[in-house]
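Examining the three-dimensional arrangement
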Amino acid sequence: MYDKYTIIGWNDYLSKRGAYSEAYNLQSKYSSYINVLDGYKLISNDIDKIHDNSKRVIYTYQDTTNYRKKNLIHVKYYNEDIVYCRYEILPGVKYKTTNGFSSYKSNSSFVNYVPMLLPTEFKYNTNVITDKIVLGYYYRPVYRYDDFIMFCNFVKELNIDVELYVMGGYSSPYPFDKLNSHIKNIIYTKDNNIFFSNITHYVYSESEVHDPYPTTLQEAVNTNKQIIFLEKNRNFKDGISDIKELIKYHTYLDTEIYHDNSDCILNKWNYNNFYSIVFDNNFIYNFDRDKYKYFDDWLSQW
């Protein structure tokens, strides 16, 4: 049997998924422990062989519907596989897993908490302050429609000239430049390297859709972008709340104040200590839900 964990993410033709990019980032640091596969490219006949040649199989795309459509999750492995899932989609497996701190704390159905929080490394220079404002927006109205509406309202209220990068994989992305003449240039990309290498401000909404852990928001912190939260009153905490508590941020486009998050604990925490425990414990980790009140408390222990 192999001595590596096999992580099956999901990376389709529309866009790079966090479940895949996070896993790939983990593999880049711990290649002696991790092997990453793309569930989008697998067929059901591959699964038995993958199990036979893996220390353990881990599914990281939290909407397990896509795996099931391709018959990639099998009943005979339900007591072995680690399956990341959302709180509203809890498959009948033993090791229900989340990557969200608040998600784990608020839902006892999760028996395993293994976030993939390594600071993301990019190919290009991403920490450049320019003399122009370049907004960044992650376009995915199918998943977070209220976020789309909030961003449209934000764009309509712009009163200074900006450029806009839109990251998303839709063939006909929304023409945000039609909403306001202050958008002087708009570029669409699926590549997070290009996206974070060019933007100065990342705009992210507090959606009614529960987001266990927003990978792109962490990437914005990793690359020290100015972060603008479009706020909404919510009666729950999720990964957006967790990151928001760690950083300095804007709630509107403020060109006078610069927030430096380079020393944020997301960029500085000792992840080697944590992952050494995870790898030694068959990719299982959990903690007393009453022990840590805030995400910062948990990160600080390492």
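Criteria and cut-off values
Residues numbered from 1 in each chain as written. Predicted model: local features only at pLDDT ≥ 70, side-chain atom pairs only at ≥ 80, totals over all residues. Heavy atoms only, no water. Core = buried A, V, L, I, M, F, W, Y, C linked by side-chain atoms within 4.5 Å. Buried < 20%, exposed > 50% of the residue type's maximum accessible area, 1.4 Å probe, protein only. Contact = heavy atoms within 4.5 Å. Helix = DSSP H or I, 4+ residues; strand = E, 2+ residues; numbered from the N terminus. Pairing = 2+ DSSP bridges. Axes fitted to C-alpha atoms, helices over the stretch in contact; angles between N-to-C directions. Phe/Tyr/Trp six-rings, centres within 6.5 Å; stacked < 30°, edge-to-face > 60°. Lys NZ or Arg CZ within 6 Å of the ring centre and 35° of its normal. Arc of directions from axis to C-beta. Salt bridge = Lys/Arg side-chain N within 4 Å of Asp/Glu carboxyl O.

**Here's the deal with the nonpolar core**
One finds Trp269, Tyr275, Phe283, Phe295 and Trp298 to be the most contacted residues of the largest nonpolar core, which totals 58 residues. Contacts of tryptophan 269, omitting those with residues within four sequence positions, involve Leu117, Phe274, Tyr275, Trp298, Leu299 and Trp302. Counting residues in hydrophobic clusters, the runner-up holds 21 residues, among them Phe148, Val155, Val203 and Leu230.

**Looking at unusual backbone geometry**
Phi is positive for asparagine 224, close to 55 degrees, though the residue is something other than glycine. Tracing the chain through its elements places asparagine 224 in the loop between helix H7 (215-222) and strand E11 (226-230). Residue asparagine 224 is classed as buried on the basis of its relative accessible area of 7%. In the Ramachandran plot, phenylalanine 283 falls in the positive-phi region, its phi being about 65 degrees despite a non-glycine side chain.

**What about the sheet that holds strand E7 (residues 134-138)?**
Backbone-to-backbone hydrogen bonds join strands into a sheet, with any given pair of strands oriented parallel or antiparallel. Spatial strand order, E9-E8-E7-E10-E11: five strands in an open sheet with parallel pairing. Of all strands in the sheet, those bounded by a partner on one side alone are strand E9 (183-189) and E11. Here the strands of the sheet are splayed against their neighbours by 25 degrees on average, with no regard to which way each runs. Across two bridges, E7 lies against strand E10 (residues 201-205) in parallel orientation. Considered in E10, the bridge of leucine 135 is made with histidine 201. Sheet strands in contact with helix H5 (residues 145-156) are E7, strand E8 (162-167), E9, E10 and E11, and its direction is about 160 degrees off that of E7. Running over the sheet, H7 touches E7, E8, E10 and E11 and is turned about 150 degrees from E10.

**Considerations on the pairing of strand E1 (residues 5-9)**
Of all five residues that make up E1, five are buried, and the element is covered over most of its length. Side chains Tyr5, Ile7 and Gly9 project from E1 onto one buried face, and the interleaved Thr6 and Ile8 project onto a second face that is buried too. Relative to strand E2 (residues 34-38), E1 is paired through five bridges, and the arrangement is parallel. Of the residues in E2, the one forming a bridge with threonine 6 is asparagine 35. Looking at chain direction, E1 and strand E3 (residues 56-59) are connected through four bridges and run parallel. Across the sheet, threonine 6 pairs through a bridge with valine 57, a residue of E3.

**As for the environment of tyrosine 61**
Mapped onto the elements, tyrosine 61 comes out in the loop between E3 and helix H3 (65-69). The sequence separation of tyrosine 61 and lysine 293 amounts to 232 residues, and the corresponding C-alpha distance is 27 Å.

**Thoughts on the packing of aromatic side chains**
One pass over the structure, following the stated rule, counts 49 aromatic pairs. Aromatic pair tyrosine 137 and phenylalanine 176: ring centres 5.6 Å apart, planes at 80 degrees, arrangement edge-to-face. Taken together, the residues tyrosine 137 in strand E7 and phenylalanine 176 in the loop between E8 and E9 connect sequence positions 39 residues apart. Judged by its relative accessible area of 0%, phenylalanine 176 is buried. Its end group placed over the ring of tyrosine 40, lysine 70 keeps NZ or CZ at 5.8 Å from the ring centre.

**What about H7?**
Of all eight residues making up H7, eight are buried, and the element is well covered by its neighbours. The complete set of buried residues in H7 reads Thr215, Thr216, Leu217, Gln218, Glu219, Ala220, Val221 and Asn222. Backbone geometry just downstream of H7 places asparagine 224 in the positive-phi region, at approximately 55 degrees.

**Re the sheet that holds E1**
The strand order across the open sheet built from six strands is E2-E1-E3-E4-E5-E6, with neighbouring strands paired in parallel fashion. On the outer flanks of this sheet lie E2 and strand E6 (112-113), each paired with one strand and no other.

**Focus: helix H10 (residues 271-280)**
Restricting attention to buried positions, one finds in H10 the residues Tyr271, Phe274, Tyr275, Val278 and Phe279. Seen from one end, H10 has its buried residues packed into an arc of 130 degrees, which puts them on one side. Note on H10: the residue one or two positions beyond its end, asparagine 282, has a positive phi of about 60 degrees.

**Re the pattern of salt bridges**
Pairing between side chains of opposite charge can happen when the charged atoms of each approach one another. Counting across every chain of the model gives 10 salt bridges. For aspartate 211, the salt bridge is made with arginine 140, and the minimal N-O distance between the two is 3.6 Å. One end of the pair, aspartate 211, is in the loop between E10 and H7; the other, arginine 140, is in the loop between E7 and H5, and 71 residues separate them in sequence. A relative accessible area of 8% means that aspartate 211 is categorised as buried. Judged by relative accessible area, arginine 140 falls into the buried class, the value being 15%. Taking the shortest distance from any N to any O, the salt bridge between aspartate 263 and lysine 268 comes out at 3.7 Å. Pair check on accessibility: aspartate 263 and lysine 268 agree, each one exposed. One network of salt bridges, in which partners are shared, links Glu206, Glu231 and Lys244.

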